Structure formats: C-alpha cells, structure tokens
Amino acid sequence: TVAFPSYQEYLRRSARSEAKAGLLQAAQWMERAATVSGVYPTATNTGNANFFPSGLRSVPSNRYAIALPAADSSNTAYVLTATPQNAQVGDKCGTFTLRQNGERNNTGMKSGATSADCWNR
C-alpha cells in the first residue's frame with residue numbers, strides 16, 4: 001500500500017520531465033523558424049493551421065499534449081503549453097507554460113504545489 005502511491009508519483013514526475021523537455025524542444029523549433037523568417041510562425045503568417053510539427057505536439061508517454069495556443073499580433077512573442085492528458089490528468093503541477101523570453105510557469109496547480117517545485121524537480 002505504500003509502494004504503489006510512490007510508484008505512481010515516480011511515473012508522474014517522469015512524465016513532467018518529458019513535458020518540460022517537449023516544451024524546450026518546441027521552443028527551439030520556434031526559434032529556428034523565427035531565425036529564418038524574422039517572426040515566430042503562426043497559423044496566420046504561415047497560411048497553415050497545422051504549421052506546428054506533429055512530432056512536437058505530444059511527449060513519448062502521451063501524458064502531455066504540447067501546443068502553441070497563442071502568439072501576439074506582431075508575431076514577436078509566444079506561449080507554449082504542455083497540458084496533462086490521459087493518466088496525467090489531475091497531476092498536481094497542472095499545465096506547464098513556456099514563453100519566448102524563457103519565463104516558465106504553471107496553471108491549474110493543486111494546493112501545495114509551486115511552479116518552482118514543478119519546474120525544478
């Protein structure tokens with residue numbers, strides 16, 4: 001009875017690491033794309049609603065979905081999100097966010113969780 005909750009938390013923590021790595025990978029893609037065109041890509045300036053590569057939209061365990069839900073009107077800023085799904089729904093860290101300036105945050109965290117704990121552990 002003690003080992004199972006510990007194992008479940010180990011799996012959740014491992015999935016959180018995947019989410020953070022996925023966000024960083026997506027941010028690198030955004031930076032490379034902006035280097036080529038001078039602005040961050042969006043559905044508007046690419047003419048393609050599915051411009052965000054499908055390989056970056058999920059983590060290997062399928063416990064987080066990576067998305068680019070918002071970009072500013074000048075295409076000089078973005079916010080990437082890693083939203084828990086499947087077995088990760090209800091995780092204490094909620095949704096991870098990463099901005100173009102490197103700002104890291106979480107939304108929908110459970111009581112007692114902090115963004116610093118979620119990103120640093």
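How each quantity is defined
- Residues numbered from 1 in each chain as written.
- Predicted model: local features only at pLDDT ≥ 70, side-chain atom pairs only at ≥ 80, totals over all residues.
- Heavy atoms only, no water.
- Helix = DSSP H or I, 4+ residues; strand = E, 2+ residues; numbered from the N terminus.
- Buried < 20%, exposed > 50% of the residue type's maximum accessible area, 1.4 Å probe, protein only.
- Contact = heavy atoms within 4.5 Å.
- Disulfide = S-S within 2.5 Å.
- Salt bridge = Lys/Arg side-chain N within 4 Å of Asp/Glu carboxyl O.
- Core = buried A, V, L, I, M, F, W, Y, C linked by side-chain atoms within 4.5 Å.
- Pairing = 2+ DSSP bridges.
- Phe/Tyr/Trp six-rings, centres within 6.5 Å; stacked < 30°, edge-to-face > 60°.

### Re the environment of Thr107
Its location among the elements puts Thr107 in strand β4 (residues 104-107). The class for Thr107 is partly exposed, based on a relative accessible area of 43%. Distance from Thr107 to Asn62, taken between C-alpha atoms, is 19 Å for residues 45 residues apart in sequence. In this structure Thr107 touches Cys93, Gly94 and Thr95, once residues within four positions along its chain are discounted.

### Quick look at the state of the cysteines
Going through the model one piece at a time under the given rule, you end up with one disulfide. Residue Cys93 pairs covalently with Cys118 via a disulfide, S to S 2.0 Å. Of note, the bridge from Cys93 to Cys118 carries an S-S torsion of about -90 degrees and is left-handed in sense. Highlighted residues: Cys93 in the loop between β2 (78-84) and β3 (95-99) and Cys118 in helix α3 (residues 115-120), separated in sequence by 25 residues. Across the pair, exposure class does not vary: Cys93 and Cys118 are buried alike.

### Details of the environment of Arg104
Inspection of the secondary structure puts Arg104 in strand β4. You can call Arg104 partly exposed: its relative accessible area is 43%. Beyond its immediate sequence surroundings of up to four residues, Arg104 is in contact with Leu24, Thr97, Leu98, Ser115 and Trp119.

### Here's the deal with the pattern of salt bridges
Counted under the stated rule, the structure contains four salt bridges. When the shortest N-O distance is used, the salt bridge between Arg99 and Glu103 registers 3.5 Å.

### What to know about the nonpolar core
Membership of the largest hydrophobic core comes to 25 residues, with the highest contact counts inside it found for Leu23, Phe52, Leu80 and Phe96. Going through the elements one at a time, α1 (3-37), β1 (64-71), β2, β3 and α3 are the ones with two or more residues in this core. For this core, the element with the most residues is α1, which contributes eight residues. Other than its neighbours up to four places away in sequence, Leu23 contacts Ile66, Leu80, Thr81, Ala82, Phe96, Thr97, Leu98 and Trp119.

### Observations concerning the pairing of β2
When you tally the buried positions in β2, you get six out of seven residues, the bulk of the element. In the sheet, β2 pairs with β3 via four bridges, with the strands oriented antiparallel. Each residue of the ladder has a partner; that of Leu80, found in β3, is Leu98.

### Side note on the packing of aromatic side chains
For the coordinates displayed, the defined rule picks out seven aromatic pairs. Each ring, one from Phe51 and one from Phe52, has its centre 6.4 Å from the other, and the planes form 70 degrees; the classification is edge-to-face. Residue Phe51 shares its accessibility class with Phe52, and that shared class is buried. For the pair Phe96 and Trp119, a centre-to-centre distance of 5.2 Å together with 80 degrees between the ring planes defines the contact as edge-to-face. Highlighted residues: Phe96 in strand β3 and Trp119 in helix α3, separated in sequence by 23 residues.

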